[in-house]
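For reference, the chains in residue letters:
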Amino acid sequence: MRAWPRAGRWAVYAAVALVFAIACAFLSNWQFARGEERAAANALVENNYDADPVAFGALMAGTDDFDPDDEWHPVVLSGRYLPEEQLLVRNRPQGGTSAYEVIVPFQLDDGRIVAVDRGWVPPSYGGDEVATPAAPTDEITVLARLRSSEPQASSGQSAPDGQLPTIHVPAIAELLGDAVVTPVYAIMVSEDPAPADAPRAIAAPEIDAGPHLSYAIQWILFAVMGFVFIGYMIRTEVVASREPESDDDDEDDDVDELPAPRAKRTPRAKRRDLDAEAEDAILDAR
């Protein structure tokens, strides 16, 4: 680019800074959007997590009328578990390990089925089957919190028979055949009557704004820094063009103008000069 005209180089610099700023603006807006989504999710937890429980039918009368604003709301389920249809969801971050969450379909008194997450159990590293406490088989009342279905594993991850990679309710409904399954699942809080043994409780969600706001501001600063850097490059080029091309020639000229140094005379040379002068004086006297 040194061979380009100055205006052309500066136009390229400005174009690079503009493209970089547009990319930073896109990433900044994406982080702002992520922050808004996180704030909305936190608001749902704050508003619904500790709300008074209501009957499941009060929030869902059918199978397609779930309001996303009711997520995390406690509900009361009356009916019985279907232990023979139990499933395990693998690789769940619970208790500092990749645990299994125990999903047991729950048939309501009106015939509908809700997938209930009874809690988690630690993994088995010895190759044996995962030990899970058996679900009650009698009529039972369950207090649980509603959750929306999780998406399918985007990487195409699969799981062995009886296991799932995510809590994808349509996949659970497909395994249950013709049963009427609601599009949401529920995380168990308590059971009445309480069984002697049960999986470990799912931890409450963390309410945290996350780093999205700081990341968004950083991308804005990166865009500004891009223009500052391009301005610095242009200024450096302007300053360099104003300086003399080279000072070496001037220094050489100054050196040439100095008189040549006189050769230093040795004592022997001085003696020969004196002898020559004495001989000249004798000749002149004759």
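Labelled according to an unreviewed UniProt entry, the protein chain appears under the name SURF1-like protein, originating from Candidatus Microbacterium stercoravium.

Caption draft 1: Seen up close, the pattern of salt bridges. One pass over the structure, following the stated rule, counts six salt bridges. For Glu71, the salt bridge is made with Arg147, and the minimal N-O distance between the two is 2.8 Å. Of this pair, Glu71 sits in the loop between helix H2 (56–59) and strand E2 (74–81) while Arg147 sits in strand E6 (residues 140–148), placing them 76 residues apart in sequence. We note that Glu71, like Arg147, is buried. A salt bridge links Arg118 to Glu191, with the nearest nitrogen and oxygen atoms 3.0 Å apart. In this pair, Arg118 sits in strand E5 (residues 113–121) while Glu191 sits in strand E8 (residues 181–192), placing the two residues 73 residues apart along the sequence.

Caption draft 2: Representation of the pairing of E2. Here two bridges tie strand E1 (residues 54–55) to E2, and the two strands are oriented parallel to one another. When the bridges of E2 are listed, Ala55 appears paired with Val76. Relative to E6, E2 runs antiparallel, the two being bridged by six bridges. Residue pairing for E6: Ser78 is matched across the bridge by Thr141. Sheet topology note: the E2/strand E4 (residues 97–108) ladder contains three bridges and is antiparallel. Bridging from a neighbouring strand, Arg80 pairs with Gln107 of E4.

Caption draft 3: Up close: unusual backbone geometry. The residue after Asp192, namely Pro193, is reached through a cis peptide bond having omega 5 degrees. Positioned with a positive phi, Trp72 is a non-glycine residue whose angle comes to about 75 degrees. Position of Trp72 among the secondary structure elements: in the loop between H2 and E2. We note that Asn91 has phi near 55 degrees; this positive angle belongs to a residue other than glycine. Take Asn91: it is sitting in strand E3 (residues 87–94). Since its relative accessible area comes to 43%, Asn91 is described here as partly exposed.

Scoring rules and cut-offs
Note that residues are indexed from 1 along each chain, following the sequence as it is written. Local features in this predicted model are restricted to residues of pLDDT 70 or higher, and side-chain atom pairs are both shown and tallied only at a pLDDT of 80 or more, whereas totals for entire chains, interfaces and linings draw on every residue. Values shown for side chains rest on all heavy atoms present in the structure; no hydrogens or waters enter the calculation. Should a side-chain nitrogen of Lys or Arg be within 4 Å of a carboxyl oxygen of Asp or Glu, the pair is scored as a salt bridge. Helix and strand definitions here come from DSSP, where helices need a minimum of 4 consecutive H or I residues and strands a minimum of 2 consecutive E residues; each element is numbered from the N-terminal end. Only protein chains enter the accessibility calculation, which uses a 1.4 Å probe; a residue whose area is less than 20% of its type maximum is buried, one above 50% is exposed, and one in between is partly exposed. The pairing criterion for strands is at least two bridges between them, as found by DSSP.

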